[in-house]
Amino acid sequence: MDDYSRQATRLEAIGGSYDKWLLGAAMALASIGIVMVASSSIALTQSPFYYLTRHLMFIAIGVVLAAVAMRVELKEIEKYNQLLLLGCFALLIVVFIPGLGSSVNGARRWINLGVSKFQTVEAVKVLYIVWLSSYLVRFRDEVNATWIAMLKPVGVVGLLVGLLLMQPDFGSSMLLLGITTCMLVLGGAQIKRIILPVLLMLPALVLLVIFEPYRMRRVTSFMDPWQDQLGSGYQLSNALMAIGRGEWTGVGLGASIQKLNYLPESHTDFIFSVIAEELGFLGVCAIIGLYALLVGRAFWLGMRCIEMRRHFAGYIAFGIALWISLQTFVSIGVNLGMLPTKGLTLPLISSGGSSVMMTCVAMGLLLRVSYEYNRAVRRQEFREDIEPVVAAAEDDSAERRSATEVAAALQAANGRDSSARGTSRMQQRVEPTFGRIA
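Report follows, based on the coordinates.

1. As for the overall build of the protein chain
Here's step 1: Each helix and strand counted, the protein chain has 16 helices and 3 strands in total.
Here's step 2: Out of the 438 residues in the protein chain, the part that is buried amounts to 44%.
Here's step 3: Taking contacts inside the protein chain between residues at least 6 apart in sequence as the whole, the part at least 24 apart equals 72%.
Here's step 4: Accessible area of the protein chain: about 22200 Å², with a carbon and sulfur share of 65%.

2. A short note on helix α10 (residues 191–210)
Here's step 1: Taking 1.5 Å per residue, 20 residues should reach 28 Å; α10 reaches 29 Å between its end C-alpha atoms and fits that length.
Here's step 2: Within α10, burial applies to R193, I194, P197, L205 and V209.
Here's step 3: Taken together, the buried residues of α10 touch α7 (140–145), α8 (147–166), α9 (170–186) and α11 (213–223).

3. A few points about the environment of Q258
Here's step 1: Structurally, the position occupied by Q258 is in the loop between α12 (234–246) and α13 (271–307).
Here's step 2: Residue class for Q258 comes out buried when judged on its relative accessible area of 8%.
Here's step 3: Each C-alpha atom, one on Q258 and one on A242, is 6.0 Å from the other, the two residues being 16 residues apart in sequence.

4. Re the packing of aromatic side chains
Here's step 1: Counted under the stated rule, the structure contains 8 aromatic pairs.
Here's step 2: Plain terms: the ring middles of Y18 and Y371 are 5.1 Å apart, the flat faces sit at 35 degrees to each other, and that makes the pair tilted. One end of the pair, Y18, is in the loop between α1 (2–13) and α2 (20–40); the other, Y371, is in helix α15 (residues 353–421), and 353 residues separate them in sequence.
Here's step 3: Look at Y18 and you get partly exposed, because its relative accessible area is 24%.
Here's step 4: Ring centres 6.0 Å apart and planes at 85 degrees place the aromatic pair W300 and Y373 in the edge-to-face group. Here W300, found in helix α13, pairs with Y373, found in helix α15; they are 73 residues apart in sequence, far enough to count as distant.
Here's step 5: Aromatic ring contacts, followed pair by pair, group Y128, W131, Y135 and F139 into a single cluster.
Here's step 6: Sitting above the plane of the F139 ring, K152 keeps its charged end 5.6 Å from the centroid.
Here's step 7: Sitting over the face of the ring of W300, R297 holds its NZ or CZ atom 4.3 Å from the ring centroid.

5. Thoughts on the pairing of strand β2 (residues 107–112)
Here's step 1: Across 3 bridges, strand β1 (residues 101–104) lies against β2 in antiparallel orientation. Counted as the bridge partner of V104 is A107 from β2.
Here's step 2: Where β1 hands over to β2, the hairpin turn is made up of 2 residues, of which N105 adopts a positive phi near 55 degrees.
Here's step 3: Note: β2 against strand β3 (residues 117–119), 3 bridges, orientation antiparallel. Paired with I111 across the strands is F118, a residue of β3.
Here's step 4: Remark: 4 residues form the turn of the hairpin made by β2 and β3, two consecutive strands paired antiparallel; G114 in that turn has positive phi of roughly 90 degrees.

6. Digging into the packing of α2 against α13
Here's step 1: Contact geometry for α2 and α13: axes closest at 9 Å, N-to-C directions at 160 degrees. It follows from the interaxial angle that α2 and α13 lie roughly antiparallel. By crossing handedness, the relation of α2 to α13 is classed as left-handed.
Here's step 2: A breakdown of the residues in the contact of α2 with α13 according to their chemical character gives 19 nonpolar, 2 polar and 2 charged.

7. Quick word on the packing of α13 against helix α14 (residues 311–335)
Here's step 1: Put simply, α13 and α14 touch, their axes get as near as 9 Å, and they point 160 degrees apart. Judged on the interaxial angle alone, α14 and α13 are roughly antiparallel. Between α13 and α14 lies a crossing of left-handed hand.
Here's step 2: Residue classes in the contact of α13 with α14 are distributed as 19 nonpolar, 7 polar and no charged.

8. With respect to the environment of C88
Here's step 1: Within the fold, C88 resides in helix α5 (residues 81–94).
Here's step 2: Looking at C88, the relative accessible area reads 0%, which means it is buried.
Here's step 3: Note: C-alpha distance between C88 and T120 (32 residues apart in sequence) is 8.6 Å.
Here's step 4: Contacts of C88, omitting those with residues within four sequence positions, involve V124, L127, Y128 and L160.

9. Remarks on unusual backbone geometry
Here's step 1: With omega at -5 degrees, the peptide bond leading from Q167 into P168 counts as cis.
Here's step 2: On the secondary structure map, P168 appears in the loop between α8 and α9.
Here's step 3: The phi torsion at E265 lies on the positive side, around 55 degrees, for a residue other than glycine.
Here's step 4: With respect to the element layout, E265 can be found in the loop between α12 and α13.

10. Some details on the sheet that holds β1
Here's step 1: An order of β1-β2-β3 is seen for the 3 strands of this open sheet, with the pairing classed as antiparallel. Both edges of this open sheet fall to β1 and β3, since each of them pairs with a single strand only. For this sheet the average axis-to-axis angle between neighbouring strands, irrespective of direction, equals 50 degrees.

11. Details of the pattern of salt bridges
Here's step 1: Following the criterion strictly, the structure yields 10 salt bridges and no others.
Here's step 2: The salt bridge partner of E76 is K79, with a shortest N-O separation of 3.3 Å.
Here's step 3: Of the residues examined, E76 reaches a relative accessible area of 32% and is grouped as partly exposed.
Here's step 4: Residue classification places K79 among the exposed residues on the basis of a relative accessible area of 55%.
Here's step 5: The shortest N-O distance in the salt bridge between R310 and E372 comes to 3.2 Å.

12. What about a nonpolar patch on the surface?
Here's step 1: A cluster of nonpolar side chains, namely V185, I191, I195, L199 and L202, defines an oily patch on the protein surface of about 430 Å² accessible area.
Here's step 2: Residue contributions to the nonpolar patch peak at 4 residues, all from α10.

Cut-offs and rules
Residues numbered from 1 in each chain as written. Predicted model: local features only at pLDDT ≥ 70, side-chain atom pairs only at ≥ 80, totals over all residues. Heavy atoms only, no water. Helix = DSSP H or I, 4+ residues; strand = E, 2+ residues; numbered from the N terminus. Buried < 20%, exposed > 50% of the residue type's maximum accessible area, 1.4 Å probe, protein only. Contact = heavy atoms within 4.5 Å. Areas by Shrake-Rupley, 256 points an atom, 1.4 Å probe, with all protein chains shown as cover. Expected span 1.5 Å × (residues − 1). Phe/Tyr/Trp six-rings, centres within 6.5 Å; stacked < 30°, edge-to-face > 60°. Lys NZ or Arg CZ within 6 Å of the ring centre and 35° of its normal. Pairing = 2+ DSSP bridges. Axes fitted to C-alpha atoms, helices over the stretch in contact; angles between N-to-C directions. Parallel < 35°, antiparallel > 145°, perpendicular 65-115°, else oblique. Left-handed = near helix turned anticlockwise from the far one by under 90°. Nonpolar A, V, L, I, M, F, W, Y, C, P; charged D, E, K, R; others polar. Salt bridge = Lys/Arg side-chain N within 4 Å of Asp/Glu carboxyl O. Patch = residues over 30% accessible without salt bridge, like charges linked within 9 Å, V, L, I, M, F, W, Y side chains within 5 Å.

Below, the structure is given as structure tokens:
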């Protein structure tokens, strides 16, 4: 038992390591974000480093939160899945409470924290992905077999989308719907069952666009921004001019013209256009490559976790990968004029306290998934290495026990035989000698 106890202790002592590719890609994107926020916001205020200072402060807070997420066991997080869902609804409702909620440009999406404002939907993205991952683990078989189990998360996201549209936040609503649909497919739901709810929602989404004037203007300006270049198409037309000026290698870091109060939101939603102008096509390709590395590695990690039956960790990796990829695709698509304008930032790069901090938390969770996966692999390898040794030791011990048992049996048999004759084997050997001496 002592040997087994020591082996168990050694097994528990084996830790994991964080995925270097994930960490490297996230750090590279965050570093590029710091440089580009400094460049794109330098002419927006009297203090040239105002937005850079705020961005660095939020990055620092995000790194602390990510470090905390990296240290927490996923099984501990999974215990509070219902509270996380309640937190999603509470965060989206609190913005409507007078004194706590804050309105910017007609949208009521923030809560006032005194020193800063916090956009609650950014936290909801993280909490919802964790809750949905837990749900898919608990009802994995039912999601694939029954309509009710599959429609429950659809109903939940429908309620969340309803609260978001009241703010209003159409972009985040579409993002949550996309994450939910893709995660249900990855969780085992039949595609033919998902198609029906999607087809039923499409007319409602189209009506939301048609009957909301500002959304309709975004669609028409997206289709032809030059028709009203100084009106509804102003932002997109200036973004396209910035991208066009960049050509292959860009005009040089800090040399953008459009960021000089020509391009609105140049440090947040439209920072990609400034990047394209200053770094050119090659710089854009490098950034897209980093996102591809980050998302691809996250999907790979999720698949490996599922193969090891660590479904909760795998679904979290899938959810975060979907979030980053979809939001990046929409942000870049808006800047290139491929999609209507949406208020979605470029993850890890755009300025914005709420987005930066919560994306850092997501990266912390993703790194925690990689740590636990690596730890599980190392422990499995340790078991495979030690099993032959333990088996050999058990066989050797069994042989020794068998030999001891045989010897004891022989001794007991001889003892019984000598008792019957009234003398021992030693007496048999000695008696003839005594006889000859006599």
